[in-house]
Amino acid sequence: PLVVNATVPNAVANQPYNGSLTATGGDAPFTWAITAGSLPQGLTLNSSTGAITGTPTQGGTVSFTVQATDSAHPPQVKQQAINFQTNSGLAIVTNTIPDLVKGLLYNTQLSTQGGVGPITWSVDAGALPLGVSLDANTGILSGTVGLTATGGNVTIKATDSSTPVQQTATSVLNMVVTNAGVNNNLLNGTYAMLFNGFNANGPVAMAGSIVTNGDRKSVV
């Protein structure tokens, strides 16, 4: 008897697709038609070969019914319902990241949308600042920023698990490295202080004042 294969490879939105309906049994060649539902927008069915080709324009799942007719006399006819999956295109949605500060811990998450997980991360061009690394499995940038680290543009690449062809996406990140903030303001004037607390005998209060002249080394 004529049997139609119920599955076809998944497509990827905005990428060329070339799949094929197949059948076993019956007398080849076969004639193909869609009798219910429709292919994703951008794809067409070749009625003579069963090839599905084109470029789908959006992700999602559609259901349709295909009909195969063989060349026997009288011909055999077989219909088969098919669920067709189009995966959304992979994209890195992290375009900017927080500044890195020399000598301090750094941790930030890179993110994607679309594609098929799990996602693998890598540095495609440039170099990460000294002390910072990219986790290939999680997309986390982390580490202690080196005291001699420098910034610049780094191209990050994400690769998904689509089959038969993996999708990739890249994003150029401007990594800004700054020095740790230091308060260099000098004290100048009269300052008062008050300490409140307790000891074994009860409440304690101490007060005092200092006068400074703006010199780092001088307290009057």
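Criteria and cut-off values
- Residues numbered from 1 in each chain as written.
- Predicted model: local features only at pLDDT ≥ 70, side-chain atom pairs only at ≥ 80, totals over all residues.
- Heavy atoms only, no water.
- Helix = DSSP H or I, 4+ residues; strand = E, 2+ residues; numbered from the N terminus.
- Pairing = 2+ DSSP bridges.
- Axes fitted to C-alpha atoms, helices over the stretch in contact; angles between N-to-C directions.
- Buried < 20%, exposed > 50% of the residue type's maximum accessible area, 1.4 Å probe, protein only.
- Phe/Tyr/Trp six-rings, centres within 6.5 Å; stacked < 30°, edge-to-face > 60°.

Points about unusual backbone geometry
Now for step 1: Omega for the peptide link from A28 to P29 comes to 0°, which places this bond in the cis form.
Now for step 2: Structurally, P29 is set in the loop between β4 (23–24) and β5 (31–37).
Now for step 3: Residues G117 and P118 are joined by a peptide bond in cis, for which omega reads 0°.

Quick word on the sheet that holds strand β14 (residues 120–125)
Now for step 1: The antiparallel open sheet is built from 3 strands, whose spatial order is β14-β17-β18. Either end of the sheet is taken by a strand with one partner, and the two such strands are β14 and β18 (168–175). Between one strand and the next, the sheet's axes are offset by a mean angle of 30°, whatever the strand orientation.
Now for step 2: Bridging between β14 and strand β17 (residues 152–159) involves 5 bridges; their strand directions are antiparallel. Looking across to β17, one finds that T120 is bridged to T159.

Things to note about the sheet that holds strand β7 (residues 51–54)
Now for step 1: The 3 strands are arranged β3-β7-β6 in an open sheet whose pairing can be described as antiparallel. Lying at the two open borders of the sheet, with one neighbouring strand each, are β3 (17–20) and β6 (43–45). Here the average twist between neighbouring strands, direction ignored, is 20°.
Now for step 2: The pairing of β3 with β7 spans 4 bridges and is antiparallel. Each bridged residue has a counterpart across the sheet, and for S20 the counterpart in β7 is A51.

Observations concerning the pairing of β18
Now for step 1: Burial along β18 is one-sided: the face carrying A169, S171, L173 and M175 is buried and the face carrying T168, T170, V172 and N174 is not.
Now for step 2: Summarising the sheet, β17 and β18 pair through 8 bridges and their orientation is antiparallel. Paired with K157 across the two strands is T170, which belongs to β18.

Some points on the packing of aromatic side chains
Now for step 1: In the structure shown here, the tally under the stated rule is 3 aromatic pairs.
Now for step 2: Aromatic side chains F30 and W32 sit 6.4 Å apart centroid to centroid with 65° between the ring planes, which places their arrangement in the edge-to-face category.
Now for step 3: Residue classification places F30 among the buried residues on the basis of a relative accessible area of 15%.
Now for step 4: On the basis of relative accessible area, W32 is assigned to the buried category, the value being 4%.
Now for step 5: Measuring from centroid to centroid gives 6.3 Å for F64 and F84, while their planes differ by 45°, and the two rings are tilted. Pair noted here: F64 is in strand β8 (residues 60–69) and F84 is in strand β9 (residues 77–87), with a separation of 20 residues, a long-range link. F84 carries the same exposure label as F64, and that label is buried.

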